[in-house]
Protein chains: 2
Amino acid sequence: MNDIRTHTDQILHTKAVRITPMRQLLLDYILTQNQAVGLNELEAEFPKADRITIYRTLKTFEEKGILHSIEQGHSEVQYALCHEECGPEHHVDRHPHFACERCGRIICLEEVFIPRVAIPQGFIQHDVEMTIKGVCGECG
Amino acid sequence: MNDIRTHTDQILHTKAVRITPMRQLLLDYILTQNQAVGLNELEAEFPKADRITIYRTLKTFEEKGILHSIEQGHSEVQYALCHEECGPEHHVDRHPHFACERCGRIICLEEVFIPRVAIPQGFIQHDVEMTIKGVCGECG
DNA sequence: GTAACTGCAAAATATTTGCATCCTT
DNA sequence: AAGGATGCAAATATTTTGCAGTTAC
């Protein structure tokens, strides 16, 4: 327990994000999940917390390189933990995401490398997003 | 001009979608674009058309395999033309999309093949979505 | 002390459904 | 004729901004 808290503060400190109770609370929770989380889930998990503050905390975490966002489909944006090297204006989360059609979970496939594809002449690539849709191991 | 109209009707007929003026209008327009379109663009292009009808037309086109949807980012869903083989419950639009950070256009990279990546044991893959973000040839 | 964070309010944007009427097949 | 499409209305969901009070550093 204390380890998690310590880890949380460490992350916040490393990424130059002010340590506040709200941020500790949210990051603690996200660290225990091994799937991406969305705003609605966090709001349900912490009913006392203000929805807008959670929203802005996620945005801050994304901007500072603690979380990365995943666009899953016609629903809500999901957030998952970043690599350690991520920082402001610098994300290296180039792994695919798996979106389960049954349970709706978004799972980071961190061990899977996204192959670089050829883009047309004159185009500049900054980032890639890859989402695989199907049925996860627990639902299959 | 007549060629486009004929082509439009051909597509509608082939994909078993009833031919109506609204659908001809929208599909005609989409056929002339070589980038993905969104609901707002279509509404602006056809001010007399009902927004909800456009919305449902896009949904129908997607369901019947005429258009496929692209989730670009924290904005609106975009739609682009399908391959000919696409039909209800059967999409084969497995090409990457390029999202330009300057002009916001979504361009289908139809000639680029999405490499198949390894997914964990027990997972079943149904579909892939890949979006490359950067600067397009015209903006670079 | 200062800049940043929080909570409350409110708005802007996007997505979706109901229903009566009209149109395509 | 019958089932599907359209337009009007309205609801739901999602994302975003403003501002005053509070807090971390």
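Because the structure is a prediction, the values reported are computed rather than measured.

Q: How should the overall build of chain A be read in this particular structure?
A: In terms of helices and strands, chain A carries 4 helices and 6 strands. When the elements of chain A are put in sequence order from the N terminus, they spell out α-α-β-α-α-β-β-β-β-β. A compact globule built from 140 residues would reach a C-alpha radius of gyration of about 14 Å, and chain A, at 16 Å, matches this within 12%. Seen through its principal axes, chain A has C-alpha atoms that stretch 45 × 35 × 30 Å.

Q: I'm lost on unusual backbone geometry in this one. Help?
A: What you tend to see is this: most non-glycine residues have negative phi, and most peptide bonds are trans. For Ala 16 of chain A, which is not glycine, the phi torsion reads 60° and is therefore positive. Inspection of the secondary structure assignment puts Ala 16 of chain A in the loop between helix H1 (2-14) and helix H2 (21-32).

Q: Could you clarify how one ought to interpret the nonpolar core in this entry?
A: In a soluble, globular protein the nonpolar side chains are often hidden away together inside. One finds Phe 98 of chain A together with Phe 98 of chain B to be the most contacted residues of the largest nonpolar core, which totals 24 residues. Taken together, the elements giving at least two residues each to this core come down to strand S4 (97-100) and strand S6 (124-135) of chain A together with strand S4 (97-100) and strand S6 (124-135) of chain B. When near neighbours in sequence (up to four residues on either side) are disregarded, Phe 98 of chain A contacts Arg 105, Ile 106, Ile 107, Leu 109, Ile 132, Lys 133, Gly 134, Val 135 and Cys 136 of chain A together with Ile 119, Phe 123 and Ile 124 of chain B. By size, the runner-up hydrophobic cluster in this structure holds 19 residues, among which are Leu 42, Phe 46, Phe 61 and Ile 66 of chain A.

Q: Is there a simple way to think about the relation of the copies chain B and chain A in this case?
A: One copy of the chain maps onto the second through a rotation around an axis plus a translation along that axis. After a rotation of 180° and a shift along the axis of 0.1 Å, chain B superposes on chain A with an RMSD of 0.1 Å. Taken together, the rotation angle and the small translation identify this as a two-fold axis. Nearest to the rotation axis, the C-alpha of Met 130 of chain B is located 2.1 Å from it, this being the minimum over chain B. A symmetric contact is evident, with 97% of the interface residues of chain B recurring at the interface of chain A.

Q: How do you make sense of the protein's contact with DNA strand C when you look at a structure like this?
A: Lining the immediate environment of DNA strand C, one finds 20 residues, of which Thr 20, Arg 23 and Arg 56 of chain A together with Tyr 55 and Arg 56 of chain B sit closest. Sugar plus phosphate, as a fraction of atoms of DNA strand C within 4 Å of the protein: 65%. Between Arg 18 of chain B and DNA strand C, the recorded distance is 3.2 Å, taken from a side-chain N or O atom to a base oxygen. Listed by contribution, the elements that provide at least two residues to the surface near DNA strand C are H2 and helix H4 (51-64) of chain A together with helix H4 (51-64) of chain B. At 5 residues, the largest contribution of residues to the surface near DNA strand C is made by H4 of chain B. Along the lines of polarity and charge, the residues of the surface near DNA strand C split into 7 nonpolar, 5 polar and 8 charged.

Q: How should I be thinking about the interface of chain B and chain A in this particular structure?
A: Often the size quoted for an interface is simply the accessible area lost on bringing the parts together. Facing 38 residues of chain B, the contacting portion of chain A comprises 37 residues. For the pair chain B and chain A, the summed buried area comes to about 3,000 Å², and 64% of that belongs to carbon and sulfur atoms. Taken together, chain B and chain A are joined by 4 salt bridges. Across the pair Lys 133 of chain B and Glu 129 of chain A runs a salt bridge, and its minimum N-O distance is 3.8 Å. Mapped by element, the contributors of at least two residues to the side of chain B that touches chain A are H4 and S6 of chain B. When residues in the side of chain B that touches chain A are grouped by element, the largest group, 12 residues, is from S6 of chain B. Its residues assigned to classes, the side of chain B that touches chain A shows 20 nonpolar, 10 polar and 8 charged. Of the pairings in the sheet, the one linking S6 of chain A to S6 of chain B comprises 11 bridges and is antiparallel in character. Each residue of the ladder has a partner; that of Met 130 of chain A, found in S6 of chain B, is Met 130 of chain B.

Q: What is the right way to look at the sheet that holds strand S3 (residues 78-81) of chain B in this model?
A: Adjacent strands of a sheet pair through backbone hydrogen bonds, lying either parallel or antiparallel. Residue and element names in this part refer to chain B. Taking strand neighbours across the sheet as the criterion, the 3 strands line up as S1-S3-S2 in an open arrangement whose pairing is antiparallel. Lying at the two open borders of the sheet, with one neighbouring strand each, are strand S1 (37-38) and strand S2 (67-70). Of the strand pairs in this sheet, S1 and S3 are connected by 2 bridges, and their pairing is antiparallel. Of the residues in S3, the one forming a bridge with Val 37 is Tyr 79. Against the sheet, H4 touches S2 and S3, its axis set at about 110° to S2.

Cut-off values and rules
- Residues numbered from 1 in each chain as written.
- Chains lettered and ligands numbered in written order.
- Predicted model: local features only at pLDDT ≥ 70, side-chain atom pairs only at ≥ 80, totals over all residues.
- Heavy atoms only, no water.
- Helix = DSSP H or I, 4+ residues; strand = E, 2+ residues; numbered from the N terminus.
- Rg over C-alpha atoms; globule rule 2.2 N^0.38 Å.
- Core = buried A, V, L, I, M, F, W, Y, C linked by side-chain atoms within 4.5 Å.
- Buried < 20%, exposed > 50% of the residue type's maximum accessible area, 1.4 Å probe, protein only.
- Contact = heavy atoms within 4.5 Å.
- Least-squares fit on C-alpha atoms with pLDDT ≥ 70 in both.
- Near = heavy atom within 4 Å.
- Polar contact = N/O pair within 3.5 Å; in protein donor to acceptor, adjacent residues only side chain to side chain.
- Nonpolar A, V, L, I, M, F, W, Y, C, P; charged D, E, K, R; others polar.
- Buried area = accessible area lost by both parts, 1.4 Å probe.
- Salt bridge = Lys/Arg side-chain N within 4 Å of Asp/Glu carboxyl O.
- Pairing = 2+ DSSP bridges.
- Axes fitted to C-alpha atoms, helices over the stretch in contact; angles between N-to-C directions.

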